[in-house]
Amino acid sequence: SKGLRRVNYYVKHLVQDLDGQPSETLSWLEDYGDPSLISHETVVMVTDILWEGIKFRFLRRKIFFLWSICLFLVSQSILSALERTEAIQAAIFVCRTLIYATAIPKLLYDQVKLVCEDCKTGYVYRACRIPIPQSLLEWQGGGSLILLWVLIVMSSLEPF
């Protein structure tokens, strides 16, 4: 033990407020402007907890997006412009199959999840008594739905 004793830090209310929303503690500490306070090991631990979940989710989404874009560009633009040999056609087939096999299930899962959340919380718009989930009326949700349908149509028209 070498003269040291165990210390427990209870950081729940530094991370979230009583309503379960993200706490404003870090912004208050920043406004206070004391470097020794902001570099305290408890505050460092709280920022690590917050950023640990955010950075991996963000990076995973962006890496998947970049991978999909690169694969799409390779199959639609680069390989399609080359002379059509059997090897090029096989590479185009593999690229497009990977695009359809990864992008369609992810987009479908995201759409179903958003629609279910909207219906569960009652976050729907009624047009002529037809309930339309609000997520589909927002530009990102509507755009994702359009992209999903475009990919489905492209995969059904693909001459394998």
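Our structure is the block above this text.
This write-up is about the structure you can find in this document. (Residues numbered from 1 in each chain as written. Predicted model: local features only at pLDDT ≥ 70, side-chain atom pairs only at ≥ 80, totals over all residues. Heavy atoms only, no water.)

1. A look at the overall build of the protein chain
A tally of helices and strands in the protein chain yields 7 helices and 2 strands. Each helix and strand of the protein chain, placed in order from N terminus to C terminus, yields the pattern α-α-α-α-α-β-β-α-α. Put simply, 47% of the contacts in the protein chain that link residues at least 6 apart link residues at least 24 apart. As presented, the protein chain carries roughly 12600 Å² of accessible surface, and 65% of it is formed by carbon and sulfur atoms. Here the protein chain contributes 16 positively and 16 negatively charged side chains, and the mean placements of these two sets differ by 7 Å. (Helix = DSSP H or I, 4+ residues; strand = E, 2+ residues; numbered from the N terminus. Contact = heavy atoms within 4.5 Å. Areas by Shrake-Rupley, 256 points an atom, 1.4 Å probe, with all protein chains shown as cover. Lys, Arg positive; Asp, Glu negative; His and termini not counted. Charge placed at Lys NZ, Arg CZ, Asp CG, Glu CD.)

2. Brief notes about a positive patch on the surface
A contiguous patch of positive charge, built from R57, R60, R61, K62 and K113, is present on the exposed surface. In terms of residues, the positive patch owes the most to one element, helix α4 (residues 41-81), which gives 4 residues. The residue K113 is located in helix α5 (residues 86-121) in this model. Judged by its relative accessible area of 42%, K113 falls in the partly exposed class. (Patch = residues over 30% accessible without salt bridge, like charges linked within 9 Å, V, L, I, M, F, W, Y side chains within 5 Å. Salt bridge = Lys/Arg side-chain N within 4 Å of Asp/Glu carboxyl O. Buried < 20%, exposed > 50% of the residue type's maximum accessible area, 1.4 Å probe, protein only.)

3. A word on the environment of P131
Assignment of secondary structure puts P131 in strand β2 (residues 130-133). When the C-alpha atoms of P131 and R6 are compared, they prove to be 56 Å apart, with 125 residues separating the residues in sequence. Not counting residues up to four positions away in its chain, the partners in contact with P131 are V124, Y125 and R126.

4. Overview of the pairing of β2
Here strand β1 (residues 124-127) pairs with β2 via 4 bridges, running antiparallel. For V124, the partnering residue across the bridge sits in β2 and is P133. From the end of β1 to the start of β2, which pair antiparallel, there are 2 residues, and C128 there has a positive phi angle of about 55°. (Pairing = 2+ DSSP bridges.)

5. Focus on the packing of α4 against α5
At a minimum axis separation of 9 Å, α4 and α5 run at an interaxial angle of 150°. Classified by the angle their axes make, α4 and α5 are roughly antiparallel. Once α4 is placed against α5, the crossing between them reads as left-handed. The segment α4 lies against α5, with F64, W67, L71, F72, V74, S75, Q76, L79 and S80 engaging I88, A91, I92, C95, R96, L98, I99, T102, A103 and K106. For the contact of α4 with α5, the per-class residue count stands at 13 nonpolar, 4 polar and 2 charged. (Axes fitted to C-alpha atoms, helices over the stretch in contact; angles between N-to-C directions. Parallel < 35°, antiparallel > 145°, perpendicular 65-115°, else oblique. Left-handed = near helix turned anticlockwise from the far one by under 90°. Nonpolar A, V, L, I, M, F, W, Y, C, P; charged D, E, K, R; others polar.)

6. Considering the packing of α5 against helix α7 (residues 139-157)
Closest axis-to-axis distance for the α5/α7 pair is 10 Å, and the angle between their directions is 145°. In terms of crossing hand, the pair formed by α5 and α7 is left-handed. On α7, the residues that touch I99, Y100, A103, I104, L107, L108 and Q111 of α5 are G141, S144, L145, L147, L148, L151, I152, M154 and S155. Per-class residue counts for the contact of α5 with α7 are 12 nonpolar, 4 polar and no charged.

Take it as geometry only, folks, not as evidence of what the structure does.
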